[in-house]
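Secondary and tertiary structure notes
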Amino acid sequence: MSEADTNPSVPALSVAGVSHSFGEKQVLDNVSVTVPRGTFAVLLGLNGAGKSTLFSLITRLYDNVSGEIRVLGNDVRRTPGKALQRLGVVFQSKTLDADLSLQQNLLYHAALHGLGSAEAKRRAAEALTTVGLADRAHEKVRNLSGGQARRVEIARSLMHRPGCLLLDEPTVGLDIGSRESVIGIVRGLVQQHGLGVLWATHLIDEIADSDLIVVLHKGRVLFSGRLPGFLAETGAKTAREAFRIMTGTASTEEEAA
Ligand code: ADP
Ligand code: MG
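Residue numbers run consecutively from 1 along every chain, following the written order of its sequence. Ligands are numbered from 1 and chains lettered from A, in the order in which they are written. Reporting of local features is limited, given that this is a predicted model, to residues whose pLDDT is at least 70; pairs of side-chain atoms are given and counted only at 80 or more, and all residues count toward the totals for whole chains, interfaces and linings. With hydrogens and water stripped out, all remaining heavy atoms of the structure feed into the side-chain values.

With that out of the way, let us pick up the side chain of T234. Runs of H or I in DSSP of at least four residues are treated as helices and runs of E of at least two as strands, each being numbered from the N terminus. Within the secondary structure, T234 is located in helix 8 (residues 227–234). Pairs of N or O atoms are called polar contacts if they sit within 3.5 Å, as long as, within protein, a hydrogen donor faces a hydrogen acceptor (for residues adjacent in sequence, only side-chain-to-side-chain pairs). In this structure the side chain of T234 is engaged in a polar contact, spanning 2.9 Å, whose partner is the backbone oxygen of F230.

Structure, rendered in structure tokens:
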């Protein structure tokens, strides 16, 4: 563990002054986001706001040419190995191998992180227990529902014990019950293990009162803070209304979905 890992004042994630363009088109404009440890942060934005692009910069799929991104204090450009080792990611699109078992999917990920086989099996069992799928370990992923597969992706993201977790629209396409189960598991990780979570969504009803809210709109952060501040700044009574006022959009997820 690095010094930053044991220093509680170092945030799980810090993004400072990051911009990004695809050719002529600027999709992120001077974005700054800080997620302290033990915090569930909702990155709220309509489709096209730039959420996935920001995730691609944090995970080094793209290089951030401006600004600075740190995971538990580790700069993703200067010390990418260390930074990515502290990061867990659940991508927007499905990335499990459907023909492998739950356990095999997890062990494969563990091997990529250099974990020995006995330790990897122990962690796989632990992670599957965390997401409530320990009894399905030897089944093929193909047999799972969408919500269960998401839970396996969360389990996989925990195998290397990250301090910061990114989830990109993890509940899209899930029924209400599965959505609640997935979000509940992730909130549990924040409370029990002090993870810093950045949860990208366009679904405003996923915000809880205690969450950190980061509004990303057309590549800019319009707000970062807690619900009372969000309401006060807009004079709104609900988060939905506040989002509408702040972004000047007529409706929210109905349009974005
Ligand atoms: P979100 O995840 O919030 O829906 P994205 O980050 O996917 O938003 O997209 C932000 C903007 O960048 C959109 O206008 C999208 O069309 C554009 N974009 C995303 N990826 C690419 C790419 N690889 N090439 C060109 N434009 C892209
Ligand atoms: Mg996206």
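Read on, since the account is not over.
A separate point is the environment of H217. Its place among the elements puts H217 in strand 9 (residues 212–217). For the pair H217 and M246, spaced 29 residues apart in sequence, the C-alpha separation works out to 9.3 Å. Throughout, a contact is declared for two residues whenever any of their heavy atoms are within 4.5 Å. Not counting chain neighbours up to four residues away, the residues in contact with H217 comprise L46, A49, L222, T247 and T249.

Its volume calculated, the second largest pocket comes out at about 360 Å³. Buriedness of a pocket was judged along seven lines, with at least five required to meet protein on both sides within 12 Å; pockets are open sets of points on a 1 Å grid over the protein atoms alone, cavities are sets where a 1.4 Å probe fits but cannot get out, and lining residues have an atom within 4 Å of a point. Forming the boundary of the second largest pocket are 18 residues, of which V89, F91, H109, L112 and R156 lie nearest the centre. Among the elements of the structure, strand 6 (87–90), helix 4 (102–112) and helix 6 (146–158) are those that each provide at least two residues to the lining of the second largest pocket. Taken together, the residues of the lining of the second largest pocket break down into 8 nonpolar, 8 polar and 2 charged. The start and end points of each domain follow an automatic or database-based domain assignment. Both domain 1 (1–86 + 164–257) and domain 2 (96–161) contribute no fewer than three residues apiece to the lining of the second largest pocket. Grid points are joined across faces, edges and corners, and a volume is the space filled by probe spheres set on the points. Nonpolar residues are Ala, Val, Leu, Ile, Met, Phe, Trp, Tyr, Cys and Pro. Charged residues are Asp, Glu, Lys and Arg, and all others, Gly as well, are polar.

Both faces of the sheet carry side chains from a regular strand, because those side chains alternate between them. The pairing criterion is simple: DSSP has to find at least two bridges between the two strands. With 7 bridges joining them, strand 1 (residues 13–22) and strand 2 (residues 25–35) adopt antiparallel strand pairing. Note that in strand 2 the partner of H20 across the bridge is L28. Between the antiparallel neighbours strand 1 and strand 2 lie 2 residues, among them G23 with a positive phi of about 60 degrees.

Here we take up the site of ligand 1. We call a residue near a molecule or strand when any one of its heavy atoms sits within 4 Å of it. Inspection of the region around ligand 1 gives F22, K25, V27, L46, N47, G48, A49, G50, K51, S52, T53 and Y62 as its neighbouring residues. The contact in question runs from an oxygen atom of ligand 1 to an N or O atom on the backbone of G50, over 3.0 Å. A distance of 2.5 Å separates an oxygen atom of ligand 1 from a polar side-chain atom of T53. In short, Shrake-Rupley with a 1.4 Å probe defines the accessible areas, and a residue's cover is counted only from the protein chains shown. Here ligand 1 has 560 Å² of accessible area as a free molecule, and 62% of this is covered by the chains. Looking at the shell around ligand 1, the elements that each hand over two or more residues are strand 2 and helix 2 (51–58). By residue number, the principal contributor to the shell around ligand 1 is helix 2, which donates 3 residues.

Now for the nonpolar core. Counting residues in each nonpolar core, the largest one holds 49 residues, and the members touching the most others are I154, V197 and F230. If you tally residues by element for this core, the top one is helix 7 (residues 176–193), at 6 residues. Formed jointly, this core draws a minimum of three residues from each of two domains, domain 1 (1–86 + 164–257) and domain 2 (96–161). Those residues within four positions of V197 in sequence are excluded, and the remaining contacts are V35, T39, F40, A41, L165, L167, V186 and V190. What we call a nonpolar core is a set of buried Ala, Val, Leu, Ile, Met, Phe, Trp, Tyr and Cys residues that are connected through their side-chain atoms within 4.5 Å. Buried, partly exposed and exposed residues are distinguished by accessible area as a fraction of the type maximum, computed with a 1.4 Å probe on protein chains only: under 20%, between the cut-offs, and over 50%, respectively. Formed by 30 residues, the second largest nonpolar core is a distinct cluster that contains V31, I58, V89 and L212.

With that settled, consider the sheet that holds strand 8 (residues 196–201). Read from one edge of the open sheet, 6 strands run 6-7-8-3-9-10, paired in mixed fashion. Each having just a single partner strand, strand 6 and strand 10 (220–225) make up the two edges of the open sheet. Between one strand axis and the next, the sheet turns by 15 degrees as a mean value, whatever way the strands run. The pairing of strand 3 (residues 40–44) with strand 8 spans 5 bridges and is classified as parallel. Note on method: axes are straight lines fitted to C-alpha atoms, helices fitted across the in-contact stretch only, with angles between N-to-C directions ranging 0 to 180 degrees.

On to the sheet that holds strand 1, then. Here 4 strands make up an open sheet; going across it, the order is 2-1-4-5 and the pairing antiparallel. Here the strands that pair on one side only, and so sit at the sheet edges, are strand 2 and strand 5 (74–75). Alignment of strand 4 (residues 68–71) against strand 5, held across 2 bridges, turns out to be antiparallel. Within strand 5, the residue paired with V71 across the bridge is N74.

This part is about the coordination of the magnesium ion (ligand 2). Distances decide who is a donor: an N, O or S atom must be within 2.8 Å of the metal, or within 3.2 Å for Na, K and Ca. Water is not included, so sites may look incomplete. The coordination sphere of the magnesium ion (ligand 2), as far as protein atoms go, consists of S52 (OG) and Q92 (OE1), spread over 2.1 to 2.5 Å. Pair noted here: S52 is in helix 2 and Q92 is in the loop between strand 6 and helix 4, with a separation of 40 residues, a long-range link.

On to the environment of A137. Note on placement: A137 falls in the loop between helix 5 (117–130) and helix 6. C-alpha of A137 to C-alpha of D211: the two residues are 74 residues apart in sequence and 32 Å apart in space. Beyond its immediate stretch of four places on either side in the chain, A137 contacts S101, L102, Q103 and L128.

In terms of domains, the protein chain is made up of domain 1 (1–86 + 164–257) and domain 2 (96–161). Look at where the C-alpha atoms of domain 1 and domain 2 centre, and you get two points 25 Å apart. The interface of domain 1 with domain 2 comprises 16 residues on the first partner and 12 residues on the second. Think of a salt bridge as a Lys or Arg side-chain nitrogen and an Asp or Glu carboxyl oxygen that are within 4 Å of each other. Between the two partners, domain 1 and domain 2, sit 0 salt bridges. Counting across the domain 1 and domain 2 interface gives 2 residue pairs in polar contact (both at pLDDT 80 or more). Those elements that place two or more of their residues in the side of domain 1 that touches domain 2 are helix 3 (80–85), strand 7 (164–168) and helix 7.

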